[in-house]
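Chain residues, written in single-letter form:
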Amino acid sequence: MRQTELLTPQLSDYLDFLDRGEMRYLPYLMYFNRPDYRSAAINTDRLGFRVSHGPDGAGSVGGERLDGPVRLLVGGSVSLGYGATSDATTIASRLWTKHAPGRPWFTFGAPYLNSTQELLLFMLHRHLLPPVDEIVVISGFNTLVMGQLSGADVGVQEPFFFCNEYFEKMQELRARHAGPARPRRWRAGPRPASQSVAPTAGRPTPDGMIRTAVDVTLRNLDSWLVMASATGARVGFALQPLATWVRETPAPQEKLLFDEFDTVSDYGTWEERYGDVGSMETGAAYAAALREACARKGVPFVDTPARLAETAEPTDWLFVDRGHYTDLGNDLVAQILADDLGLS
């Protein structure tokens, strides 16, 4: 039996949930969670938002409307709670149940989302929400990783997961509409840029990727602040922890899982895919840059990797893989967010 089956049997539900053949595509957002998904580990409402649990019941964006105010935990798969054994053990649920139970907390995220898609998710569903008094964005890794696709033809926007597939299909569509040769029309200005989505020659340096990711995050935080100001909601930003940003030596269970993932992965080992990005040095530099950027905007910032390293014991099993957490990891992250952001 594999270590993943022995130590993290709940991951089979998440792998089914993320089946690319079942992926749901939405206007503007590109993709989102499967709606009305049911399993032992993860369940979603009619819109695809994961259900959160509190002391007196459950709630979600697409569930029974609450009077509010409510609080949102925004992000990618970390916000979603990938790896938790149940809906009740996600970060949002632990905040609602124990660490900041003053208001209901909604899970407001999906796997693969970058910083811009997190913002779009709120813009597209804001009209369905009751009043919101707290928005906590826990994010950072996807936006940093997308900095590797510096050659993607996305204009001034942020690359997104699967954008290569998107542009390939758009090329096929363009070819179908091309038809017979037509007279060339006069066009002012330079020729359009190449539609290639391949990364530019030479992988960007970690420093360059950090600059790009921080610029994008700051731009989107500006928009978060504008939208939140209309309702008086407070916005906070937390850098999500990676195992390799938290400590050099993983816990015994983590090492077994990480070694197995590197062996069976179709995309190469972690070091081959994220070696520079996943280093302790990059994590610390990224956190420092984000802290400075958030301070300029007056946005409370949490260096969650550093705080998790201070809070956890060396042998605490925190991660189901290098980017997602066990139930204990979720609970400790929720505690750190509540303490450092002054949540009640």
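Thresholds, definitions, all that
- All residue numbers here refer to positions counted from 1 along the written sequence of the relevant chain.
- Side-chain atom pairs in this predicted model are given and counted only at pLDDT of 80 or more, local residue features only at pLDDT of at least 70, and totals for whole chains, interfaces and linings cover all residues.
- Side-chain calculation: all heavy atoms of the structure are included, whereas hydrogens and water are not.
- Secondary structure elements are taken from DSSP: a helix is a run of H or I of four residues or more, a strand is a run of E of two residues or more, and numbering for both begins at the N terminus.
- It is over C-alpha atoms that the radius of gyration is taken, and the globule rule equals 2.2 Å times the number of residues to the power 0.38.
- Two residues qualify as a contact provided that any one of their heavy atoms is within 4.5 Å of a heavy atom in the partner residue.
- The protein chains shown are the only cover counted for residues, whose accessible areas, like all others here, come from Shrake-Rupley with a 1.4 Å probe.
- Just so you know, the count uses Lys and Arg for positive and Asp and Glu for negative, and it drops His and the chain ends.
- A charge is said to be at NZ when it belongs to Lys, at CZ for Arg, at CG for Asp and at CD for Glu.
- In this analysis an axis means a line fitted to C-alpha atoms, helices contributing only their contacting stretch, and an angle means the value between N-to-C directions, from 0 to 180 degrees.
- Angles below 35 degrees are treated as roughly parallel, those above 145 as roughly antiparallel, those between 65 and 115 as roughly perpendicular, and all remaining angles as oblique.
- Left-handed describes a crossing in which the near helix is turned anticlockwise from the far one by less than a right angle; the clockwise case is right-handed.
- Think of it as three bins: nonpolar holds Ala, Val, Leu, Ile, Met, Phe, Trp, Tyr, Cys and Pro, charged holds Asp, Glu, Lys and Arg, and polar takes everything else, Gly as well.
- Burial classes follow relative accessibility: with a 1.4 Å probe on protein chains only, a residue under 20% of its type's maximum area counts as buried, one over 50% as exposed, and anything between as partly exposed.
- If DSSP finds at least two bridges between two strands, the strands pair.
- An arc is given here, and it is the one of the directions from the helix axis to the C-beta atoms.
- Stacked, tilted and edge-to-face are the three classes applied to pairs of Phe, Tyr and Trp rings, where Trp contributes its six-membered ring and a pair requires centres within 6.5 Å; stacked means planes under 30 degrees apart, edge-to-face means over 60, and tilted covers the rest.

Asks: Would you explain the overall build of the protein chain in this entry?
Replies: Looking only at helices and strands, the protein chain has 14 helices and 11 strands in total. On C-alpha atoms alone, the protein chain measures out to a radius of gyration of 21 Å, which is about the 20 Å that the 2.2 N^0.38 rule sets for 344 residues. Viewed in the frame of its principal axes, the protein chain has a C-alpha envelope of about 70 × 45 × 40 Å. Considering only intrachain contacts with a sequence separation of at least 6, the fraction spanning at least 24 residues in the protein chain is 77%. Of the roughly 16300 Å² of accessible surface on the protein chain, 53% is carried by carbon and sulfur atoms. A gap of 10 Å separates the mean positions of the 33 positive and 42 negative side-chain charges of the protein chain.

Asks: Whenever I open this one, the packing of helix H5 (residues 115-125) against helix H8 (residues 206-229) confuses me. Can you help?
Replies: The packing of two helices is summarised by the inter-axis angle and the distance between the axes. As a packed pair, H5 and H8 sit with axes 9 Å apart at the nearest point and diverge in direction by 15°. When the axes of H5 and H8 are compared, the pair comes out roughly parallel. The handedness of the crossing between H5 and H8 comes out as left-handed. Between H5 and H8, the residues in contact are Ser115, Thr116, Glu118, Leu119, Phe122 and Met123 and Val216, Thr217, Arg219, Asn220, Ser223, Trp224 and Met227, respectively. Partitioning the contact of H5 with H8 into residue classes produces 6 nonpolar, 5 polar and 2 charged.

Asks: Honestly, the pairing of strand S8 (residues 234-239) in this entry has me stumped. Any pointers?
Replies: The side chains of a regular strand alternate, first on one face of the sheet and then on the other. Most of S8 sits out of view: 5 of its 6 residues are buried. Of the strand pairs in this sheet, strand S7 (residues 132-139) and S8 are connected by 6 bridges, and their pairing is parallel. Residue pairing across strands places Ser139 opposite Leu239, the latter belonging to S8. Sheet topology note: the S8/strand S9 (residues 301-303) ladder contains 3 bridges and is parallel. Pairing of Ala238 across the sheet is with Val302, part of S9.

Asks: What is the right way to read the environment of Cys294 from this model?
Replies: Here Cys294 is to be found in helix H12 (residues 280-297). The buried category is assigned to Cys294, whose relative accessible area is 1%. On a C-alpha basis, the gap between Cys294 and Thr217 in space is 9.3 Å, while along the polypeptide they are 77 residues apart. Contact partners of Cys294, with chain neighbours within four places excluded, come to Leu221, Phe237, Val299 and Phe301.

Asks: Would you explain helix H13 (residues 304-311) in this entry?
Replies: At 3.6 residues per turn, the α-helix brings residues three or four places apart onto the same side. Within H13, the full set of buried residues consists of Thr304, Pro305 and Leu308. Projected onto a plane normal to the axis of H13, the buried residues spread over an arc of 100° and lie on a single side. The elements touched by buried residues of H13 are S8, helix H9 (243-246), S9, strand S10 (319-321) and helix H14 (327-341).

Asks: Explanation requested: the sheet that holds strand S6 (residues 105-109) in the structure shown.
Replies: Strands in a sheet are paired, the pairing made by backbone hydrogen bonds, and the direction either parallel or antiparallel. Spatial ordering of the open sheet is given by S6-S5-S7-S8-S9, a layout of 5 strands whose pairing is parallel. Lying at the two open borders of the sheet, with one neighbouring strand each, are S6 and S9. With direction set aside, neighbouring strand axes in the sheet form an average angle of 20°. Packing of helix H4 (residues 91-99) onto the sheet brings it into contact with strand S5 (70-75), S6 and S7, and relative to S6 it is tilted by some 170°. This element, H5, spans S5, S6 and S7 of the sheet and lies at about 120° to S6.

Asks: Can you walk me through the packing of aromatic side chains in this structure?
Replies: The geometry of an aromatic ring pair comes down to the distance between the two centres and the angle between the two planes. Within the structure shown, the criterion is met by 14 aromatic pairs. Seen from their ring centres, Tyr31 and Tyr112 are 6.2 Å apart, and the 90° between their planes marks the pair as edge-to-face. Taken together, the positions of Tyr31 in strand S2 (residues 30-32) and Tyr112 in the loop between S6 and H5 put the pair 81 residues apart, joining distant regions of the chain. Taking relative accessible area as the criterion, Tyr31 reaches 2% and is therefore assigned buried.

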